[in-house]
Each structure stands twice: as structure tokens, then as C-alpha cells.
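Structure at a glance
Here is what each chain is made of, one letter per residue.
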Amino acid sequence: MSSPTSDDYVVRAIRPDEWAAVKQLRLDALRDPVASIAFLETYEDAMERPDSFYQVRAVGSAEETGSARQFIAEAPDGSWAGTVTVLLEEPGTKDWAGYPVERRQGHVVGVFVRPEHRGNGLIKTLFDAGVSWAWERGAERVRLFVHTDNARAQGAYRKVGFAPSGLVVSFEKDEAENELEFVLER
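Residues numbered from 1 in each chain as written. Predicted model: local features only at pLDDT ≥ 70, side-chain atom pairs only at ≥ 80, totals over all residues. Heavy atoms only, no water.

Approximately 1300 Å³ is the volume attributed to the largest pocket. Looking at the largest pocket, it is lined by 50 residues, and the ones nearest its centre are A38, F39, V109, G110 and V111. Take the lining of the largest pocket: its biggest share by element is 7 residues, from strand β4 (residues 105–113). Split into classes, the residues belonging to the lining of the largest pocket amount to 26 nonpolar, 13 polar and 11 charged. (1 Å grid on protein atoms, 1.4 Å probe; cavity = no way out; pocket = protein on both sides within 12 Å on 5 of 7 lines; lining within 4 Å. Points joined across faces, edges and corners; volume = space filled by probe spheres on them. Helix = DSSP H or I, 4+ residues; strand = E, 2+ residues; numbered from the N terminus. Nonpolar A, V, L, I, M, F, W, Y, C, P; charged D, E, K, R; others polar.)

So, in C-alpha cells, the structure goes:
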């Protein structure tokens, strides 16, 4: 059997009752070799969270009227191959780093594609779903932050249309390190 192409996956929003699969995918992502620079949370921290944390997260990322949406890619065998979550940020609020949000925008977080599913266009399919969701909700742009040392992720984000905005922020886990803001304008 040949390797799946991006057309072989079903990309959809998670359902509230899928919290256990959401938790497992998160734990798997946190075991990735670049997890220490790709995620703010550690595997150990995620393991200590009660199931209720993942249940609430799944409900909040699955609701049609919510301000966050988690998308997953189901492989032909039904397993979850990857995920992306988009948060809506409203003008007049402050973002996670304390900067003012000047316009309605999507903020991409929690990007992960299992290693065996990388390199086939799946990341673009996931991003297309997340960005479309943000556009449908009136976002003027979509952004994300990526560690300066995460060249693989930077390359993937450029490939799907994002570009550095010039904003550099301190990495929350180590202020001696930096993250770059990448944006996709509407």
C-alpha cells in the first residue's frame, strides 16, 4: 500500500466526547523531539492534569459558538494523524504575551503532525481548515508564534502561506530565547 496523500485524510473539528483522544494526541505531541521548543507545556505537566481538564478543553474547542476550534486529521485507518487549534483574539484585549490585540485575528496553537504523516501536504490541509474557520468568523489575519530554533516548523508555516511579521517575543519558558510571529493576512 502506498503512503497516504493529503486527500486521504478527513479533516474535521473535534467532538466534545473525544476528550480522551484529544488527551492522547497532546501527550504524543509532547513526546516529539522538538516539543521543548514547540510547546509551552511539558509531557509531565500534561500527564498530571486531571481528565476533567481535557474534557473541558474538548467541549470548548468543539462548540460551534466558541472562540476556539481544534481540527484533527483522521487517517484512512481512523487514527488521528495531526491537529491544529485556532483561537480567536478580539480587538481591545491583550494577548498571551501582554501585547494589545488591535484587530480580530486567529491565533494558531497546538500544531502537531505525527512523524509518519509528515511531508505529504497534510499540514496544509489542517491549516486550510483552521484558517477558513477564522475567516468565517471575521478574522482579519491569522498568526502563530514559532521558536527561532524550530526551522522545520518555520519551513512548514512558510509553505502554507505564513510569513514573519517582524515581531519577536521572548520565549515564555526561557526569556533568553525568542519566538517569531508569523502571519497570514486576509
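Now that the structure is up, let's keep going.
Next up on the list: the nonpolar core. V108, F127, L144, Y157 and F162 are the most contacted members of the largest nonpolar core, which has 30 residues in total. Of all elements in the fold, only β2 (68–74), β3 (80–89), β4, α5 (122–136), β5 (141–147), α6 (151–159) and β7 (174–185) reach the threshold of two or more residues within this core. Among all residues touching V108, those that are not within four sequence positions of it are V84, T85, V86, F127, V142, R143 and L144. Of all hydrophobic cores here, the second largest spans 15 residues; its members include L25, F39, A46 and F112. (Core = buried A, V, L, I, M, F, W, Y, C linked by side-chain atoms within 4.5 Å. Buried < 20%, exposed > 50% of the residue type's maximum accessible area, 1.4 Å probe, protein only. Contact = heavy atoms within 4.5 Å.)

Two aromatic rings, taken as a pair, are described by how far apart their centres are and by the angle between their planes. By the definition in use, this model includes 4 aromatic pairs. Both rings, one in F127 and one in F162, keep their centres 5.5 Å apart while their planes meet at 75°; by these two values the pair is edge-to-face. Remark: F162 occurs in the loop between α6 and β6 (163–171) and F127 occurs in helix α5; sequence separation between them is 35 residues. For F162, a relative accessible area of 2% translates into the label buried. Among the aromatic residues, those joined into a ring-pair cluster are F127, Y157, F162 and F182. One Lys or Arg, R49, reaches over the ring of F53 and ends 4.1 Å from the middle of that ring. (Phe/Tyr/Trp six-rings, centres within 6.5 Å; stacked < 30°, edge-to-face > 60°. Lys NZ or Arg CZ within 6 Å of the ring centre and 35° of its normal.)

Moving on: the pattern of salt bridges. On inspection of all chains with the given rule, the structure shows 18 salt bridges. The salt bridge involving R143 is made with E89; its shortest N-O contact spans 3.0 Å. With a gap of 54 residues between them, R143 in strand β5 and E89 in strand β3 connect regions that are remote in the sequence. Each member of the pair, R143 together with E89, is buried. Through salt bridges that share partners, E89, D95, R141, R143 and E181 make up one connected network. (Salt bridge = Lys/Arg side-chain N within 4 Å of Asp/Glu carboxyl O.)

Below, the discussion takes up the environment of Q105. Mapped onto the elements, Q105 comes out in strand β4. On a C-alpha basis, the gap between Q105 and A73 in space is 23 Å, while along the polypeptide they are 32 residues apart. If near-sequence neighbours (up to four positions away) are discounted, Q105 is found in contact with L87, L88, E89, A139, R141 and R143. Within the local environment of Q105, its side chain forms a polar contact with the side chain of E89, the two groups lying 2.6 Å apart. In terms of polar contacts, Q105 uses its side chain to reach the side chain of R141, at 2.7 Å. (Polar contact = N/O pair within 3.5 Å; in protein donor to acceptor, adjacent residues only side chain to side chain.)

A word on the sheet that holds strand β1 (residues 10–13). The strand order β1-β2-β3-β4-β5-β7-β6 describes an open sheet built from 7 strands, whose pairing is mixed. Edge positions in the sheet fall to β1 and β6, since each of these pairs with one other strand and no more. Taking each pair of neighbouring strands and ignoring which way they run, the sheet shows an average axis angle of 25°. Looking at chain direction, β1 and β2 are connected through 4 bridges and run antiparallel. Bridge pairing in β2 links R12 to I72. Packing against the sheet, helix α1 (residues 19–29) makes contact with β2, β3 and β4, and its axis sits at approximately 100° to β3. (Pairing = 2+ DSSP bridges. Axes fitted to C-alpha atoms, helices over the stretch in contact; angles between N-to-C directions.)

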